[in-house]
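What follows is each chain in one-letter form.
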Amino acid sequence: INAEYMGYQLCLRCKMAEGKCAIHLVEEGQFVHVLRIFNSNIKGTMKVGFALSIVKGIGLRLAHVLLRVARIDATKRAGELTLDEVNRLNEIIADPQGHSIPVWLYNRKRDRKDGKDSIIVSNGWDTKLREDLERMRKIRLHRGLRHLWGLKVRGQHTCSTGRTGSTIGYVRQKKQNT
């Protein structure tokens, strides 16, 4: 509901009709409709946990753990986050070990270059994936070759499925009348 009440914008948390919600008021300047976090555009009307899961590298479970560690209310909308809360989330993702997040929640365990466990998000996630695929192609791993050829990688059957892309199809020749 996007209603105004005495110069204030009504909060989107409640499901009440226009003008009836006086409990959850948000000052007009605080609500942000499109939030930019980790190079991702997030709708301000979404709840914070689900909004964080839009970012590449952050799933639902990690998002809720991040909210708990940062002491942010999970029932808040993303548009209600303050700049301080967003900065706290950035700090926690930059140094998850310092904030006692368990290692099994990290999305990059024992990195090949530095051997460290970390949480990688957004552009860093794309870069690491591209580097891994390039390494697999370079050393001619079976998995890397399947990626290179555009075939299924994880052992799926390919006889009747996965035919999109490289197939040409059957072309019937016309009969000549003689």
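Right above here is the structure, for reference.
Rules used in this analysis
- Residues numbered from 1 in each chain as written.
- Predicted model: local features only at pLDDT ≥ 70, side-chain atom pairs only at ≥ 80, totals over all residues.
- Heavy atoms only, no water.
- Helix = DSSP H or I, 4+ residues; strand = E, 2+ residues; numbered from the N terminus.
- Buried < 20%, exposed > 50% of the residue type's maximum accessible area, 1.4 Å probe, protein only.
- Contact = heavy atoms within 4.5 Å.
- Areas by Shrake-Rupley, 256 points an atom, 1.4 Å probe, with all protein chains shown as cover.
- Axes fitted to C-alpha atoms, helices over the stretch in contact; angles between N-to-C directions.
- Parallel < 35°, antiparallel > 145°, perpendicular 65-115°, else oblique.
- Nonpolar A, V, L, I, M, F, W, Y, C, P; charged D, E, K, R; others polar.
- Salt bridge = Lys/Arg side-chain N within 4 Å of Asp/Glu carboxyl O.
- Pairing = 2+ DSSP bridges.

Novice: If you had to explain the overall build of the chain to someone new, which residues and values would you point to?
Specialist: Scanning the chain from terminus to terminus reveals five helices and five strands. Secondary structure elements of the chain, listed N to C terminal, follow the sequence β-β-β-β-β-α-α-α-α-α. Burial statistics for the chain: of 178 residues in total, 30% are counted as buried. Contacts spanning at least 24 positions in sequence make up 39% of the contacts within the chain whose residues lie at least 6 apart. Of the roughly 13,000 Å² of accessible surface on the chain, a fraction of 51% belongs to carbon and sulfur atoms.

Novice: Requested: an account of the packing of helix H4 (residues 123-138) against helix H5 (residues 142-149), with residues and values cited.
Specialist: Think of two packed helices as two axes; the pair is described by the angle between the axes and how far apart they sit. Interaxial distance between H4 and H5 falls to 7 Å at its minimum, and their mutual angle equals 105°. Regarding the angle of H4 to H5, the classification is roughly perpendicular. Every residue of H5 that contacts H4 at Leu-133, Met-136 and Arg-137 is listed here: Arg-143, Gly-144, His-147 and Leu-148. Residues of the contact of H4 with H5, tallied by class, amount to three nonpolar, two polar and two charged.

Novice: Before we move on, can you summarise the pattern of salt bridges with the specific residues and values?
Specialist: Per the stated rule, a full pass over the model turns up eight salt bridges. Asp-126 is the salt-bridge partner of Lys-56, the closest N and O atoms lying 2.9 Å from each other. With Lys-56 in the loop between helix H1 (48-52) and helix H2 (60-69) and Asp-126 in helix H4, the pair connects residues that are 70 residues apart, well separated along the chain. The salt bridge partner of Arg-108 is Asp-111, with a shortest N-O separation of 2.8 Å.

Novice: So what's going on with the pairing of strand E4 (residues 34-37)? Which residues, and what values?
Specialist: Of the two faces of E4, only one is covered, namely that formed by Leu-35 and Ile-37; the face formed by Val-34 and Arg-36 stays uncovered. Of the strand pairs in this sheet, E4 and strand E5 (residues 40-43) are connected by four bridges, and their pairing is antiparallel. Bridge pairing links Ile-37 to Ser-40 in E5.

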